[in-house]
Amino acid sequence: MNPKVQEREMQVLRALASMPFADTLELAVILGEAYATMHRVLISLLADGVAGRVNHGTVHLPTSGRWFLTAAGVDEAADQLGFATPSELVRAYPVSQQWLTLLLRRMDAVASVYRLATALSPGYRSHRSRVEFHRRGRFDATITLCDGRTFGVVRQGLGLRRRSLHDRLRAIAQYDPSRRPGTVLVLVPSSWEQRLTARLCERIHLDDCYVAVESRDALESETDRLWLERTVGGYNRYNTLNDVRSRCSRDRGWLMRQRTRRRASLPHPERMARSAPAFGLSPSEKRVLDIVTDHPMLPREHLGRWLGVSDGRVSQVMRSLVDTWGLIERHGRRGRVRYTLSDGGIRHVAHRDRAQLPAARETWSTALITDCHGRRRHLGHRIDTRARQTRHADAVTWFLSELAAETLADDSSALLWTLPTERATRSVRRGEPSIAPDAVGELIADDSTVPFYLECEHRARHPRGVRAKLRPYTRYYSQGKPEDDHPPFPFTLFVVDGEDVEATYARTTAAMRSMTVPVLVSCRPVLEGSGILGRSWRPMWAPACPRLRLSELRAYRWDALYNVMRRDGYFFAAPPAHKNKKTTRLVGGGNSGRGGP
């Protein structure tokens, strides 16, 4: 055999042992080799049965073939790399059965880390980078470049609570700076969490920390300004990956020290890959799983409208998620079917996002228990809350699904992202809940950006209740935080039952001197007739004004000096990154994604 070919094969075997489930492009760039050379060697190993390949895609990344060592490949790698037995190899490299189980559970996060390492690596002249995943600890993974610069990656998935992420970041801030990676990179589901997380990093003095929304652009683009850093004085600065890499310190002496695992069994890679939901689910099915995670007990008809697909396509997707993989369970009879996470789905989401399984079960489980008062209730608090407030929860998902359907049908509009109320609560002062909207999201309507808070209100039907419901928003807008929280400027959309309740809101706000904040109200009959994007909204800062379209809100701006809404020629321009509405993601999670059912 040609010595150069043998050397390359040994290099690839070592790479597959240290970085399982990377694709061809990622291996080529991380190792600093030509793509054609890497492809040729991998195909040769595949033909010999040493390497295996399995397709994998996420909501953020396109489907690609990911490589791993087969059982025969583990024996071959042990022999070629100088180990006496395969057991010694699996103790030295992350290819044991225990390690592969961990990586397969977190495969979507693993793919994001590999793609981020590809963007950070030089990718030429054998300048090799290194990617190491953590079994436990504060970081999900670390990326080390050829010149010694290190990046610690922390990822927040939909299953990880905001408080858990912030606890990890506080612990990282307390590390000795010389004993942690030079730069901390945080991936979050939406721009809402991005701003809150960056604000926390500034408050706890976590230096060299950058936060980005997990998306294909953030993971691959080196020139787009998508990584947020809070500078001295509380200013937001968006950086490119080139900026992040150039500012990373080279003088850190940090070195990851993995604890020795007592058990390191020989793996069965092919069988494990076939049985992993991360590989068995398509990006479309993962997108549906994310929707159901954010909105448990979701009615079937709302899901179909949300996705913009036929009832047959919904059946096809749910057959895979419910019957094949058992991640979602059906509730109700035909015509009144609801979907929520099964116990297997809860485990999958918790393992995928490194969340605590008991806490995840206490959030989503449909199991019935008896509380301390002898009453029967659901173990998951979100399931129990929706069971007690079914009408209200259905109103929220109806609005979001109809808005998604309307934006899909309108080429000039797009729903960029939405978050459920559990992740939308905003507190300005410590210990004081300022607002708790039913949802928060961002909309493009006729090339204008409309960030919004949503309130579906069924109880506040009289003037006293209306004033109490509006008071938190009046206080919130008057404190000067909204534009920083949800730029360019958020509007609050109230949806009520009927036109009589809507008239009550208009009369009540007309008598309130302080009611100058950007709140609009509409009722479900009007929305069903004129559409959410149509001329359906009555502005509460000017109750006598005719109904407005959401796209017409660009003609209004907030005067922070006098705390009033004014009409002028100021337009909120849509960000250029979202011009193509077909590439936007219409689920709670806040990322641009590719594809759909």
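Residues numbered from 1 in each chain as written. Predicted model: local features only at pLDDT ≥ 70, side-chain atom pairs only at ≥ 80, totals over all residues. Heavy atoms only, no water.

(A) Fine view of the overall build of the protein chain. In terms of regular secondary structure, the protein chain is built from 24 helices and 23 strands. In summary, the protein chain has a C-alpha radius of gyration of 26 Å against a globular reference of 25 Å for 597 residues, a match within 12%. Its C-alpha atoms give the protein chain principal-axis dimensions of about 85 × 55 × 50 Å. Across the 597 residues of the protein chain, 57% fall into the buried class. (Helix = DSSP H or I, 4+ residues; strand = E, 2+ residues; numbered from the N terminus. Rg over C-alpha atoms; globule rule 2.2 N^0.38 Å. Buried < 20%, exposed > 50% of the residue type's maximum accessible area, 1.4 Å probe, protein only.)

(B) Molecular detail of the pattern of salt bridges. Taken as a whole, this structure holds 42 salt bridges when the rule is applied. Residue Glu220 pairs with Arg216 through a salt bridge whose shortest N-O separation is 3.0 Å. Note that Glu220 and Arg216 are positioned in helix α10 (residues 216–220) at a spacing of four residues, about one turn of the helix. Residue Arg216 is classed as partly exposed on the basis of its relative accessible area, which comes to 25%. The residue Glu552 makes a salt bridge to Arg535 at a minimum N-O spacing of 3.0 Å. (Salt bridge = Lys/Arg side-chain N within 4 Å of Asp/Glu carboxyl O.)

(C) Up close: the sheet that holds strand β2 (residues 51–56). Spatial ordering of the open sheet is given by β1-β3-β2, a layout of three strands whose pairing is antiparallel. Both outer strands of the open sheet, β1 (22–23) and β2, are each paired with one neighbouring strand and no more. Bridge count between β2 and strand β3 (residues 64–69): six bridges; the pairing is antiparallel. Bridging from a neighbouring strand, Arg53 pairs with Trp67 of β3. Relative to the sheet, helix α7 (residues 107–120) contacts β1, β2 and β3, its axis offset from that of β3 by approximately 100°. (Pairing = 2+ DSSP bridges. Contact = heavy atoms within 4.5 Å. Axes fitted to C-alpha atoms, helices over the stretch in contact; angles between N-to-C directions.)

(D) Broad picture of the packing of aromatic side chains. Counted under the stated rule, the structure contains 14 aromatic pairs. Ring centres of Phe399 and Trp537 lie 6.2 Å apart, and the angle between their planes is 75°; on these two criteria the pair is classed as edge-to-face. In this pair, Phe399 sits in helix α20 (residues 390–409) while Trp537 sits in the loop between α24 (524–530) and β21 (538–539), placing the two residues 138 residues apart along the sequence. Both residues of the pair, Phe399 and Trp537, count as buried. Judged by centre distance (6.0 Å) and plane angle (75°), the ring pair of Tyr473 and Phe494 falls under edge-to-face. Here the residue Tyr473 occupies a position in helix α21 (residues 463–478), and Phe494 occupies one in strand β19 (residues 491–496), the gap between them amounting to 21 residues. Residue classification places Phe494 among the buried positions, given a relative accessible area of 0%. The structure contains a cluster of three or more aromatic residues connected by ring pairs, namely Trp192, Tyr453, Tyr476, Tyr477, Phe489, Phe491, Trp541 and Tyr556. One residue, Arg524, lies across the ring of Trp398, its end atom 4.1 Å from the ring centre. (Phe/Tyr/Trp six-rings, centres within 6.5 Å; stacked < 30°, edge-to-face > 60°. Lys NZ or Arg CZ within 6 Å of the ring centre and 35° of its normal.)

(E) Seen up close, the side chain of Arg230. Relative to the helices and strands, Arg230 resides in strand β9 (residues 227–230). Only 2.9 Å separates the side chain of Arg230 from the side chain of Asn236, close enough to count as a polar contact. (Polar contact = N/O pair within 3.5 Å; in protein donor to acceptor, adjacent residues only side chain to side chain.)

(F) Region of interest: helix α23 (residues 499–510). Under the 1.5 Å per step criterion, the end-to-end length of α23 is 16 Å for twelve residues, consistent within 8% with the ideal 16 Å. Of the residues making up α23, those classed as buried are Val501, Glu502, Thr504, Tyr505, Ala506, Thr508 and Thr509. Buried residues along α23 sit in contact with α21, β19, β20 (519–523) and β21. (Expected span 1.5 Å × (residues − 1).)

(G) Broad picture of the environment of Arg91. Along the chain, Arg91 falls in helix α5 (residues 86–92). When the C-alpha atoms of Arg91 and Val131 are compared, they prove to be 17 Å apart, with 40 residues separating the residues in sequence.

(H) Quick look at the packing of helix α14 (residues 283–294) against helix α16 (residues 311–324). Taken N-terminus to C-terminus, the directions of α14 and α16 make an angle of 85°; their axes are 10 Å apart at the nearest point. Here α16 runs roughly perpendicular to α14, going by the angle between their axes. In this structure, α14 uses Ser284, Glu285, Val288 and Leu289 to contact α16, whose residues at the interface are Arg313, Val317, Met318, Ser320 and Leu321. Partitioning the contact of α14 with α16 into residue classes produces five nonpolar, two polar and two charged. (Parallel < 35°, antiparallel > 145°, perpendicular 65-115°, else oblique. Nonpolar A, V, L, I, M, F, W, Y, C, P; charged D, E, K, R; others polar.)

(I) How the structure looks around the side chain of Thr231. Along the chain, Thr231 turns up in the loop between β9 and β10 (236–239). For Thr231, the contacting residues outside a window of four places in its chain are Glu202 and Arg237.

(J) Main features of the pairing of β19. Counting buried residues along β19, six of its six residues qualify, which places the element largely inside the surrounding structure. Neither face of β19 is left uncovered, since the one carrying Phe491, Leu493 and Val495 and the one carrying Thr492, Phe494 and Val496 both have all their residues buried. Two strands pair when backbone bridges link them, and strand β18 (residues 448–456) and β19 are joined in this way by five bridges, in the parallel orientation. Following the sheet pairing, Leu454 is matched in β19 by Leu493. Examined bridge by bridge, β19 and β20 share five bridges and lie parallel to one another. Pairing of Val495 across the sheet is with Ser522, part of β20.

(K) Examining the pairing of β9 more closely. Residues Trp227 and Glu229 point to one face of β9 and Leu228 and Arg230 to the other, with burial holding for every one of them. Across four bridges, β9 lies against β10 in antiparallel orientation. In the sheet register, Trp227 faces β10, and the bridge partner there is Asn239. Adjacent in sequence and paired antiparallel, β9 and β10 are bridged by five residues, among which Gly233 carries a positive phi angle near 100°.

(L) Main features of the packing of helix α19 (residues 381–388) against α20. Relative to each other, α19 and α20 sit at 100°, their axes nearing to 5 Å. In terms of orientation, α19 lies roughly perpendicular with respect to α20. Contacts between α19 and α20 involve Arg386, Ala387 and Arg388 on the former and, on the latter, Thr390, Ala393 and Thr397. Here the contact of α19 with α20 is built from residues that sort into two nonpolar, two polar and two charged.

(M) Quick peek at the state of the cysteines. Scanning all chains against the criterion turns up zero disulfides. Cysteine Cys248 remains unbridged, with the sulfur of Cys146 as its closest cysteine sulfur at 12 Å. Not engaged in a disulfide, the cysteine Cys456 finds its nearest cysteine sulfur in Cys523; these two sulfurs lie 12 Å apart. (Disulfide = S-S within 2.5 Å.)

(N) Highlighting the sheet that holds β20. Taken in spatial order, the six strands make up an open sheet running β16-β17-β18-β19-β20-β21, and their pairing is mixed. Both edges of this open sheet fall to β16 (413–420) and β21, since each of them pairs with a single strand only. α23 contacts β19, β20 and β21 of the sheet and is inclined by roughly 160° relative to β20.

In short, geometric facts, not functional conclusions.
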